[in-house]
Every structure is written in structure tokens, then in C-alpha cells.
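Notes for the structure review
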Amino acid sequence: MREKTVFEMIVEGKIPCTKVLESEDFLAFNDINPKAKIHILIIPKKHFKDFQEFEPELMAKMTSFIQEVAVLSGADKQGYKLLTRCGAAAGQEVFHLHFHLMSGF
Ligand code: AMP
């Protein structure tokens, strides 16, 4: 059996995080090693290794969740980057789908 990722352990409450927003399907929390003034990670609670595995129906729901995180954090006002790495060659380190929302450089 594969080992659980750190983000799955965060979803299960086994590892702490600084929560920004939570819904039935998604969780947003601050990156532990921020690369910008605002650096939030946004994940589905259900496990997907990366974006290639993701379900388009869930992505449609996730869009409004991400937009809400942008408004809550103020990132929508100052502009932001939204990034997901897909695969080790692209620099992905945690193999549970996540979007980086970064703002304020
Ligand atoms: P990536 O390289 O796209 O897979 O990004 C993984 C991100 O997860 C990095 O920006 C890390 O700083 C962040 N990270 C790793 N462990 C934790 C954690 N326990 N809590 C919050 N962020 C984390």
C-alpha cells in the first residue's frame, strides 16, 4: 500500500495546518514555507495524485472555492498566481493535487 501524503494527513487532522477555508470537498491552508506574502495551498479532500488524475466535475466546483479563497485573503485585489505542478519533473514534491495561490511579491 502506498504511504499517505502529508496533505492527506492534514485532511485527516493528523498534522496541523493554518486553515484559511474549508468546505465539504476542499481545504485551503497556508504554505509552511511561503514564497510570497500570501501563499495558500488549495486541495481537494479526496486523493488525486496530480492534476492529470483530477475529475473535471470536481474542478468545476473547485473553481468557486479558489475564487472565494482569493477574496478572503485579499489576493483578488492585488493580483495573484495560481499554479499546480504535475509530476516530479515539473517540481511536484507532494503527490496529492494542490494549487498554489500566491500574491504580494
Ligand atoms: P509542490 O512542490 O508543488 O509539490 O509544493 C509542495 C508545497 O507544500 C511546498 O510549497 C511546501 O512548502 C508545502 N508543504 C509541505 N509540507 C507542508 C505542510 N505540512 N504544511 C503546509 N505546507 C506544506
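Keep in mind that what you see is a predicted model, and the values were worked out from it rather than measured. (Residues numbered from 1 in each chain as written. Predicted model: local features only at pLDDT ≥ 70, side-chain atom pairs only at ≥ 80, totals over all residues. Heavy atoms only, no water.)

**Some details on the confidence of the model for the chain**
Note the following rule: The predictor attaches a confidence to each residue, called pLDDT, with possible values from 0 through 100. Segments assigned H or I by DSSP are reported as helices when at least four residues long, segments assigned E as strands when at least two residues long, and all are numbered from the N terminus.
Per-chain confidence: the chain averages 97 in pLDDT, with 100% of residues scoring 70 or above. Per-element confidence in the chain ranges from a low mean pLDDT of 97 for helix α3 (residues 75-78) to a high of 99 for strand β3 (residues 38-44).

**Here we look at the sheet that holds strand β4 (residues 81-83)**
Rules: Criterion used throughout: strands pair if DSSP finds at least two bridges between them. Each axis is a line fitted through C-alpha atoms, taken for helices only over the stretch in contact, and angles between the N-to-C directions span 0 to 180 degrees. Working rule for contacts: check all heavy atoms of both residues, and any pair within 4.5 Å makes them a contact.
Within the open sheet, the 5 strands sit side by side as β1-β2-β3-β5-β4. Their pairing is antiparallel. Among the strands making up the open sheet, the edge pair consists of β1 (19-22) and β4. Geometrically, the sheet is characterised by an average inter-axis angle of 20 degrees between neighbouring strands, direction not taken into account. Taken together, the 3 bridges between β4 and strand β5 (residues 99-103) define a ladder with antiparallel strand orientation. Across the sheet, residue Leu 82 finds its bridge partner in β5, namely Leu 101. Contacts from helix α2 (residues 56-73) reach β1, β2 (26-30), β3, β4 and β5, with the element oriented near 155 degrees to β3.

**A word on the layout of surface pockets**
Definition in use: In this analysis a 1.4 Å probe is tested at points of a 1 Å grid over the protein atoms alone, and where it fits but cannot get out there is a cavity; an open set with protein on both sides within 12 Å along at least five of seven lines is a pocket; lining residues have an atom within 4 Å of a point. Grid points are joined across faces, edges and corners, and a volume is the space filled by probe spheres set on the points. Here the term charged refers only to Asp, Glu, Lys and Arg, the term nonpolar to Ala, Val, Leu, Ile, Met, Phe, Trp, Tyr, Cys and Pro, and the term polar to all other amino acids, Gly among them.
There is about 490 Å³ of room inside the largest pocket. For the largest pocket, the lining is made up of 24 residues, of which Phe 7, Asp 31, Ile 32, Leu 41 and Val 94 are closest to its centre. Within the residue set of the lining of the largest pocket, elements represented by two or more residues are α1 (6-11), β2, β3 and β5. Taken together, the residues of the lining of the largest pocket sort by class into 12 nonpolar, 8 polar and 4 charged.

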